[in-house]
Amino acid sequence: MITQKQIICSRLQTDDPRFIEIESKKRIYPSQAKRLKKYLSNLKKSKFVKTTYFFDQFLDTPNMDLFKLNASLRLRYKRNGTKVYLQYKGPGFFEDGLLYRSEFSSNNLRELILEESHHDMIHFKQTSVLRLLKKYAGDEMLKTMKRHLGMGVLNKISSGPIIAHYKKDKFLVDLGGAFLEPSVDRVFAFHINKSGPHPLSTFYEFENEIKAVGSSLKSKMAHLGDLLKFNEKLGRKFRLHPEPLDKYHRCTSLFLPARRKRS
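Residues numbered from 1 in each chain as written. Predicted model: local features only at pLDDT ≥ 70, side-chain atom pairs only at ≥ 80, totals over all residues. Heavy atoms only, no water.

*Asks:* Help me understand the overall build of the protein, please; the structure alone is not making it clear to me.
*Replies:* Looking only at helices and strands, the protein features nine helices and ten strands. Looking at the protein alone, contacts between residues at least 24 apart form 68% of all its contacts between residues at least 6 apart. Per element, the accessible surface of the protein, about 14,200 Å² overall, is 51% carbon and sulfur. (Helix = DSSP H or I, 4+ residues; strand = E, 2+ residues; numbered from the N terminus. Contact = heavy atoms within 4.5 Å. Areas by Shrake-Rupley, 256 points an atom, 1.4 Å probe, with all protein chains shown as cover.)

Encoded structure:
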């Protein structure tokens, strides 16, 4: 008998259920952000964890193949640039308003960290993304990316069209066998072209991901009702609308019409 876990893994073309994330995303207005954070701080079972700041540089091929395949690959810079790693999110699907997709992270890319960086973040032209993946990504991450994208696309990833700066206010709701990780995110996005970085968009999002010890998909699935109930209550109070796009596709979709017009 085929289990629900096997069905999800098959739909996401992912062998290991530990690399499957389940989350909801909502658009919020800037005027709602402060009230929403105060509400989460005052909830009985909700605990404020921390406020973090970090950068993402989203990578793609010159023809935007990852964008077209509904996947994303980003270089994430944390801890003031002392930690840099690749994060891949594969094509996903929605069910009951929740987004299911695969998520992988590489080891720290030590060769990209500069002792001083007055003019750039990395020496990106000195290496290739595929070589970095082979050196720093785990076997499951690279295998899944080959399955989703194909070697032709992996070989052509050479541009970083979007840079985004995040402020994330993170909370935690303990469910016993699992926990919710709601957050309020503020994003400043820039489009990078030959002329340099250009301000692209500033927006807020509410994310709520269900997590479990050992990344157990079984534990996550057992508590989906808690995630849906939490979101329903929040939605009634703040009238939040679902966000169908991830951050890469939300930012990139803003400049693609102009890009197509020029080509």
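So that's the structure; there's more coming.
*Asks:* Just checking my understanding: could you explain helix α1 (residues 4-12) for this structure?
*Replies:* Every α-helical turn comprises 3.6 residues, leaving residues that sit three or four positions apart pointing alike. Among the residues of α1, those classed as buried are Ile8, Cys9 and Leu12. All buried residues of α1 lie within an arc of 100° about the axis, which places them on one face of the element. Buried residues in α1 make contact with β1 (20-28), β5 (93-95), β6 (98-105), α5 (139-149) and α7 (217-222). The positive-phi residue at the C-terminal boundary of α1 is Gln13, with phi of around 50°. (Buried < 20%, exposed > 50% of the residue type's maximum accessible area, 1.4 Å probe, protein only. Arc of directions from axis to C-beta.)

*Asks:* Would you mind showing me how to read the nonpolar core here?
*Replies:* Counting residues in hydrophobic clusters, the biggest one holds 31 residues, and the most contacted among them are Leu40, Tyr100, Phe206 and Leu234. Residue contributions to this core peak at five residues, all from helix α8 (residues 224-238). (Core = buried A, V, L, I, M, F, W, Y, C linked by side-chain atoms within 4.5 Å.)

*Asks:* What should I look at first to understand the side chain of Thr61 in this one?
*Replies:* Along the chain, Thr61 turns up in the loop between β2 (46-60) and α3 (65-68). Every residue in contact with Thr61, bar those within four places of it in the chain, is listed here: Leu66, Val153, Lys156, Ile157, Ser158 and Ser159.

*Asks:* Help me understand the side chain of His249, please; the structure alone is not making it clear to me.
*Replies:* As for its placement among the helices and strands, His249 is situated in helix α9 (residues 247-262). With relative accessibility at 7%, the residue His249 sits in the buried group. There is a polar contact of 2.9 Å between the side chain of His249 and the backbone oxygen of Phe67. Look past the residues within four positions of His249 in its chain and what remains in contact with it is Leu66, Phe67, Asn70 and Ala71. (Polar contact = N/O pair within 3.5 Å; in protein donor to acceptor, adjacent residues only side chain to side chain.)

*Asks:* Would you mind going over the packing of helix α2 (residues 30-42) against α8 with me for this structure?
*Replies:* The angle between the axes and the distance between the axes are what describe a pair of packed helices. Taken N-terminus to C-terminus, the directions of α2 and α8 make an angle of 135°; their axes are 12 Å apart at the nearest point. One finds that α2 runs oblique with respect to α8. α2 and α8 meet at a crossing whose hand is right-handed. Note on element contacts: α8 touches α2 through Phe230, Lys233, Leu234, Lys237 and Phe238, opposite Gln32, Arg35, Leu36, Tyr39 and Leu40. For the contact of α2 with α8, a count of residues per class yields six nonpolar, one polar and three charged. (Axes fitted to C-alpha atoms, helices over the stretch in contact; angles between N-to-C directions. Parallel < 35°, antiparallel > 145°, perpendicular 65-115°, else oblique. Left-handed = near helix turned anticlockwise from the far one by under 90°. Nonpolar A, V, L, I, M, F, W, Y, C, P; charged D, E, K, R; others polar.)

*Asks:* Looking at this model, I keep getting lost on the packing of aromatic side chains. Mind explaining?
*Replies:* The relative placement of two aromatic rings is captured by the distance of their centres and the angle of their planes. Scanning the model with the defined rule gives seven aromatic pairs in all. Here the aromatic rings of Phe58 and Tyr248 are separated by 5.1 Å at their centres, their planes lie at 20°, and the arrangement is stacked. Of this pair, Phe58 sits in strand β2 while Tyr248 sits in helix α9, and the two are 190 residues apart along the sequence. For Phe58, a relative accessible area of 1% translates into the label buried. Its relative accessible area of 1% is what places Tyr248 among the buried residues. (Phe/Tyr/Trp six-rings, centres within 6.5 Å; stacked < 30°, edge-to-face > 60°.)

*Asks:* Mind showing me how you'd approach the pattern of salt bridges here?
*Replies:* Pairing is possible between side chains of opposite charge, provided their charged atoms come close. Summed over the entire model, instances satisfying the criterion amount to 25 salt bridges. In this structure, Arg27 and Glu243 form a salt bridge, with 2.2 Å as the shortest nitrogen-oxygen distance. Placement of Arg27 in strand β1 and of Glu243 in the loop between β10 (241-242) and α9 is noted, with a sequence separation of 216 residues between them. Classification of Glu243 as buried rests on a relative accessible area of 1%. One salt bridge in this structure joins Lys247 and Asp185, with 3.3 Å as the shortest N-O distance. (Salt bridge = Lys/Arg side-chain N within 4 Å of Asp/Glu carboxyl O.)

*Asks:* Any chance you could explain the environment of Tyr248 here in plain terms?
*Replies:* Along the primary structure Tyr248 and Pro161 are separated by 87 residues, whereas in three dimensions their C-alpha atoms are 9.8 Å apart. Leave out the neighbours within four places in its chain, and Tyr248 touches Phe58, Leu59, Asp60, Met64, Phe67, Ala71, Ser72, Pro161 and Ile162. Of note is the side chain of Tyr248, whose polar atom sits 2.5 Å from the side chain of Asp60.

*Asks:* I keep staring at the environment of Lys134 and nothing clicks. Help me out?
*Replies:* The topology assignment puts Lys134 in helix α4 (residues 129-136). The exposure class of Lys134 is exposed, given its relative accessible area of 53%. For the pair Lys134 and Ser106, spaced 28 residues apart in sequence, the C-alpha to C-alpha distance is 9.9 Å.

*Asks:* When you look at the pairing of β6 in this model, what are you seeing that I'm missing?
*Replies:* Walk down a regular strand and you will see the side chains alternate between the two sheet faces. The buried fraction of β6 is high, at six of eight residues. Here four bridges tie β1 to β6, and the two strands are oriented antiparallel to one another. From the neighbouring strand, Ile22 faces β6, where its bridge partner is Tyr100. Sheet topology note: the strand β4 (residues 83-89)/β6 ladder contains three bridges and is antiparallel. Pairing of Tyr88 across the sheet is with Phe104, part of β6. Here β5 runs beside β6; their pairing, made up of three bridges, is antiparallel. Across the sheet, Phe93 pairs through a bridge with Tyr100, a residue of β6. The hairpin turn running from β5 into β6, its antiparallel successor, is two residues long, and Asp96 in that turn takes a positive phi close to 55°. (Pairing = 2+ DSSP bridges.)

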